[in-house]
Structures are given as structure tokens and as C-alpha cells.
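Residue strings, one per chain:
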Amino acid sequence: MSYLCPLCQLPLKRIERTYKCTNNHQFDVAKEGYVNLLPVQHKRSKDPGDNKEMMLARRQFLNGGHYQPMRDAVCELLSGLLADQSYTQLLDIGCGEGYYTSYFAQALPDTKVLGLDISKVMIRHAAKRYTDCDFLVASSQRLPFSDTQLNAVVRIYAPCNGEELQRTVKDNGVVVTVTPGPRHLYQLKAGIYDEVKLHDVPVEALPGFELETETSVAYPMTLNSEDATTLLQMTPFAWRAPEALWQTLKETTQFDCEADFTLRVYRKKA
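Read on for a plain summary of the structure. Model, not experiment: these values are computed from the prediction. (Residues numbered from 1 in each chain as written. Predicted model: local features only at pLDDT ≥ 70, side-chain atom pairs only at ≥ 80, totals over all residues. Heavy atoms only, no water.)

## Structural notes on the nonpolar core
Okay, so step 1: Membership of the largest hydrophobic core comes to 56 residues, with the highest contact counts inside it found for Tyr 67, Phe 104, Met 221 and Leu 232.
Okay, so step 2: Every residue in contact with Met 221, bar those within four places of it in the chain, is listed here: Phe 61, His 66, Tyr 67, Leu 185, Leu 231, Phe 255, Asp 256, Cys 257, Glu 258 and Ala 259.
Okay, so step 3: Counting 27 residues, the second-largest nonpolar core is a separate cluster that includes Tyr 3, Leu 12, Leu 136 and Leu 143. (Core = buried A, V, L, I, M, F, W, Y, C linked by side-chain atoms within 4.5 Å. Buried < 20%, exposed > 50% of the residue type's maximum accessible area, 1.4 Å probe, protein only. Contact = heavy atoms within 4.5 Å.)

## Some remarks on the sheet that holds strand β12 (residues 255-268)
Okay, so step 1: Taking strand neighbours across the sheet as the criterion, the eight strands line up as β5-β8-β7-β6-β9-β10-β12-β11 in an open arrangement whose pairing is mixed. Each edge of the open sheet carries a strand with a single partner, namely β5 (35-36) and β11 (209-223).
Okay, so step 2: Across six bridges, strand β6 (residues 88-93) lies against strand β7 (residues 111-117) in parallel orientation. Among the inter-strand pairings, Leu 90 is bridged to a residue of β7, identified as Val 113.
Okay, so step 3: Lying over the sheet, helix α7 (residues 225-234) contacts β11 and β12, oriented at roughly 145 degrees with respect to β11. (Pairing = 2+ DSSP bridges. Helix = DSSP H or I, 4+ residues; strand = E, 2+ residues; numbered from the N terminus. Axes fitted to C-alpha atoms, helices over the stretch in contact; angles between N-to-C directions.)

## Brief notes about the pattern of salt bridges
Okay, so step 1: Summed over the entire model, instances satisfying the criterion amount to ten salt bridges.
Okay, so step 2: Of the charged contacts in the structure, one is a salt bridge between Arg 71 and Asp 72, with a shortest N-O distance of 3.1 Å.
Okay, so step 3: Look at Asp 72 and you get partly exposed, because its relative accessible area is 27%.
Okay, so step 4: For the salt bridge of Glu 258 with Arg 183, the shortest nitrogen-to-oxygen distance reads 2.8 Å. With Glu 258 in strand β12 and Arg 183 in the loop between β10 (169-180) and α6 (186-190), the pair connects residues that are 75 residues apart, well separated along the chain.
Okay, so step 5: Residue Arg 183 is classed as partly exposed on the basis of its relative accessible area of 31%.
Okay, so step 6: A network of salt bridges, in which partner residues are shared, links Asp 147, Glu 164 and Arg 167. (Salt bridge = Lys/Arg side-chain N within 4 Å of Asp/Glu carboxyl O.)

## Some thoughts on the environment of Gly 94
Okay, so step 1: Examined against the element boundaries, Gly 94 turns out to sit in the loop between β6 and α3 (99-107).
Okay, so step 2: Spatially, the C-alpha atom of Gly 94 lies 25 Å from that of Leu 223, the residues being 129 residues apart in sequence.
Okay, so step 3: For Gly 94, the residues in contact, after removing those within four places along its chain, are Arg 58, Leu 116, Asp 117 and Ala 158.

## With respect to the packing of helix α2 (residues 68-81) against α3
Okay, so step 1: Two numbers describe how α2 lies on α3: the axes approach to 10 Å, and their chain directions differ by 45 degrees. Regarding the angle of α2 to α3, the classification is oblique. Helix-helix and strand crossings are classified by hand; for α2 and α3 the assignment is right-handed. Here Gln 68, Met 70, Arg 71, Asp 72, Val 74, Cys 75 and Leu 78 of α2 lie close against α3, whose contacting residues are Tyr 99, Tyr 100, Tyr 103, Phe 104 and Ala 107.
Okay, so step 2: When grouped by side-chain class, the residues that make up the contact of α2 with α3 number nine nonpolar, one polar and two charged. (Parallel < 35°, antiparallel > 145°, perpendicular 65-115°, else oblique. Left-handed = near helix turned anticlockwise from the far one by under 90°. Nonpolar A, V, L, I, M, F, W, Y, C, P; charged D, E, K, R; others polar.)

## Notes on the layout of surface pockets
Okay, so step 1: Roughly 210 Å³ of volume is contained in the second largest pocket.
Okay, so step 2: Of the residues assigned to the lining of the second largest pocket, the class counts are ten nonpolar, two polar and three charged. (1 Å grid on protein atoms, 1.4 Å probe; cavity = no way out; pocket = protein on both sides within 12 Å on 5 of 7 lines; lining within 4 Å. Points joined across faces, edges and corners; volume = space filled by probe spheres on them.)

## Regarding α2
Okay, so step 1: Here α2 is 14 residues long and its end C-alpha atoms lie 20 Å apart, about the 20 Å a rise of 1.5 Å per residue gives.
Okay, so step 2: Residues Met 70, Arg 71, Ala 73, Val 74, Cys 75, Leu 78 and Leu 81 constitute the buried set of α2.
Okay, so step 3: Close packing links the buried residues of α2 with β6, α3, β9 (150-156), β10, β11 and β12. (Expected span 1.5 Å × (residues − 1).)

## A word on the environment of Ala 238
Okay, so step 1: For Ala 238, the position within the fold is in the loop between α7 and α8 (243-251).
Okay, so step 2: You can call Ala 238 buried: its relative accessible area is 14%.
Okay, so step 3: Residues Ala 238 and Lys 189, 49 residues apart in the sequence, show an inter-C-alpha distance of 9.7 Å.
Okay, so step 4: Ala 238 has contacts with Leu 232, Gln 233 and Trp 246, leaving out every residue within four places of it along the chain.

## Notes on the pairing of β10
Okay, so step 1: Note that β9 and β10 share six bridges and pair parallel. Bridge pairing in β10 links Val 154 to Val 176.
Okay, so step 2: Crossover connection from β9 via helix α5 (residues 162-168) to parallel β10: handedness right-handed.
Okay, so step 3: For β10 and β12, the ladder comprises seven bridges, and the chain directions are antiparallel. Note on β12: the bridge partner recorded for Val 176 is Val 265. (Right-handed = clockwise from strand over helix to strand, strands pointing away.)

## As for the environment of Gly 98
Okay, so step 1: Among the secondary structure elements, Gly 98 is positioned in the loop between β6 and α3.
Okay, so step 2: Accessibility expressed as a relative area gives 0% for Gly 98, which makes it buried.
Okay, so step 3: Sequence separation between Gly 98 and Ser 119 is 21 residues, and the spatial gap between their C-alpha atoms is 12 Å.

This is the structure in C-alpha cells:
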């Protein structure tokens, strides 16, 4: 797999267990198989991204299959979008511990699947568990890929620099995004806010791309106490949750909650 040096943007060449550019910048391949292309000067903190506890919580929840319908819908979209291409490279931005990334690799055998995340903890565990993908630590604001290298990018809740997407995705390539739909986790929010407002997700203005399709994936989830608590921990509004809600989730035997996702396909203009 070819990458760009995050320091000088020259191509990196792999020699045994090291990636090196002609300026002699070097990046070693970890024993788990991933490469860290996030130099210290590009970090905003010592260990950016999710920590080990958050990784374990996320893995537990996803392994329960609660987001599987959304995962399968994204994969079906990708299968159709990439069906007529002989060799493709797919990047999963904000891949976390690799739950979605590995599934895409299994379902799309003719596609080279890569997982990128800013969290070293997440990537280390992903690379150790899933050997059918290439994983790297890097910033989505400075993608370490050549111009027009990627056929497709998946972003499940993940931010990214739109100009970097325009640079690295091939002409007629696609970006598939997953964002919360209007009623996503409505019942959790009802335990936090006096009045729940339906979530509005406007269409992104991605430079050089046009919105091609939009799909809704919505379904009910029935969660046990542990999974309901974990789900709340995974959300950005967990810090607003009152103690009463945490206690309710810890004591419940069944928590019914809606999942609602918006899937969008953006195609790069030729």
C-alpha cells in the first residue's frame, strides 16, 4: 500500500518494516501491522481520539449487532457503487476499532479496504483483531494519500476536510456518509431534555461533489441494561445526561430505543 509522508507529502516506500520517503522521514510498522502517520506536531493532545475504555465500550455495543442493519445498508450501497470497477481502494475514515472496516473487506473481496483513525488505541486493537484490512493512524484533515488515489470513502459519523476528499478521490468516485436521522436515539434524548427536537442533518457542501442519493435506515432497538448504558456513553450528549437517566439505564431489564440513520452518496464531478 502506498502512502504520502505526512511531513513533506512525498511518496513513502516500504522497506521491510519501515516506510521511508526520499527526505529520509521514517515510520515503522507496528507489530500489530498498522503504521502511525500522525507526527507529534500534528497532534492537538498527547493521545488524541478515543481511549481504551471508550474503545472497549464501543466494541461491546457494536458486537451486539445493534447497528448491523445500518452497516449492511452501507455495504449494499458500496457493492452497487463499486461493482463495475476492476480494482478499487476504499477508505473508512474514523474507523474506530474496525467493526465496519472489516465487514466491508469481507463483503467486497475485489476492493482494497483501509481504515484510518486519529486514535492510536483504536487502530492498534483494530489491526490486531482484523487482518483483512490495512489500518493507519492519521488525521482526516491531512489524508496521507496521493491525488485521485481513492475510489470511495466511507464516513460513519466522522468529520473530514472536504478539500482533502476532493484531492484524494478519483473523478466519478464517491463519498458515502452516515449521519444521525431525525429520530435517532429519541428515547435517550427524552431522558435528558424537557423537549426533544428532531435532529436536522443538512446536506453537506463538499467541494467538487454532488449529492447523488439519500436513504433512510430506521428501526427499533431493544437493549439490555449494559448495552443501553454503553450506548449513552458513546453519544456526544452523555455529559448532559442527569444521574437519574444513568440510574434508570443501570436498573432496567429492557430499554426500547429508535435507531435512525441518513445515508448519503456524494459523487465527485469529472
